[in-house]
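A look at the structure
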Amino acid sequence: GFDDGNRKIAGCLGERGLRQLFLANAVRVGPEQRPQLDALLTEVCSALDVKERPQLYVSQSPLLNAQAIGFDKPFIVFSSAALEHLDRDEQRVLIAHEVAHIMSGHVLYRTVALIIMTVGLSALPFLAAAVLFPFQFALLEWYRKSELSSDRGALLAVQDRRAAMMTFLKLAGGRDYGGTDSPDEVKRQAAGAGGQGDGAAPAGTGSNPVCRGKRVT
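Residues numbered from 1 in each chain as written. Predicted model: local features only at pLDDT ≥ 70, side-chain atom pairs only at ≥ 80, totals over all residues. Heavy atoms only, no water.

1. Some remarks on the layout of surface pockets
Space inside the second largest pocket adds up to approximately 220 Å³. Of the residues assigned to the lining of the second largest pocket, the class counts are five nonpolar, one polar and six charged. (1 Å grid on protein atoms, 1.4 Å probe; cavity = no way out; pocket = protein on both sides within 12 Å on 5 of 7 lines; lining within 4 Å. Points joined across faces, edges and corners; volume = space filled by probe spheres on them. Nonpolar A, V, L, I, M, F, W, Y, C, P; charged D, E, K, R; others polar.)

Written out as structure tokens, the structure reads:
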């Protein structure tokens, strides 16, 4: 039943429709456009031995985030806020996280979850919405857990725990704006939070960053 709903959504939107939905206001990254970001993607794909390199886009957004999206040919959307707030090593972590989603086969289900969160079930074809309705909470819970496995994939790619922790710190609270950020303090905060953050609603790569940070450090 659940896979039937996914197929109905994919059949309704199609790969082209999906790209129009998410990329209407995005810039494609390449050797001649945002070349430094393109180089980071190349480094990550080499580290993880990726056979088919995904396309990377940057979208104007105040939300510090990135998303791997697609049905047949996944692509990555990187927010402009991520470029503004993250340094080069932290951007590498975020790209590696999304590439890990693609390598793990997460993207189809995550795309359906993103569509549900972005436009809601009411905007989907009736039959697809009817099939997915009983599964939506389980899907969103799986979405959250898929973040944790891709965090580990990102750490495998970058081999830099401090950069990973600083990425989580900024996903949670933005850059320091002249203040001081302490990864150790974030670890203590996460320890105090226990599992409380694990049940929060997902919101892309930025989902529960403090509690996720303690799992990769």
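Right, picking up where we left off after that structure.
2. Looking at the side chain of Ser-61
Checked against the element boundaries, Ser-61 lands in the loop between strand E2 (55-59) and strand E3 (66-69). When neighbours within four sequence positions are excluded, Ser-61 is seen to be in contact with Ser-79, Ser-80 and Ala-81. (Helix = DSSP H or I, 4+ residues; strand = E, 2+ residues; numbered from the N terminus. Contact = heavy atoms within 4.5 Å.)

3. Remarks on empty space enclosed by the protein
One pass over the full model with this rule turns up one cavity of 30 Å³ or more. Lining the largest cavity are twelve residues, and of these Val-93, His-97, Asp-151, Ala-154 and Phe-168 lie nearest its centre. Those elements that place two or more of their residues in the lining of the largest cavity are helix H4 (88-103), helix H7 (136-158) and helix H8 (161-173). Its residues placed into classes, the lining of the largest cavity shows seven nonpolar, three polar and two charged.

4. Some remarks on the pattern of salt bridges
What the rule picks out here adds up to eight salt bridges. Here Glu-90 makes a salt bridge to Lys-170, at a shortest N to O gap of 2.8 Å. Within this pair, whereas Glu-90 is found in helix H4, its partner Lys-170 is found in helix H8, the two being separated by 80 residues in sequence. Residues Glu-90 and Lys-170 agree in their burial class; the two are buried. Ionic pairing is found between Arg-110 and Glu-147, a salt bridge with its closest N-O pair at 3.5 Å. Of the two residues, Arg-110 sits in helix H5 (residues 107-119) while Glu-147 sits in helix H7, which places them 37 residues apart along the sequence. (Salt bridge = Lys/Arg side-chain N within 4 Å of Asp/Glu carboxyl O. Buried < 20%, exposed > 50% of the residue type's maximum accessible area, 1.4 Å probe, protein only.)

5. Remarks on the sheet that holds E2
The strand order across the open sheet built from four strands is E1-E2-E4-E3, with neighbouring strands paired in mixed fashion. Because the sheet does not close on itself, it has two edges, and the strands there are strand E1 (26-28) and E3. The sheet shows a mean angle of 25° between the axes of neighbouring strands, taken without regard to direction. Inspection of the sheet shows E3 paired to strand E4 (residues 75-79) by four bridges, in the antiparallel sense. When the sheet's bridge partners are listed, Ala-68 is paired in E4 with Ile-76. (Pairing = 2+ DSSP bridges. Axes fitted to C-alpha atoms, helices over the stretch in contact; angles between N-to-C directions.)

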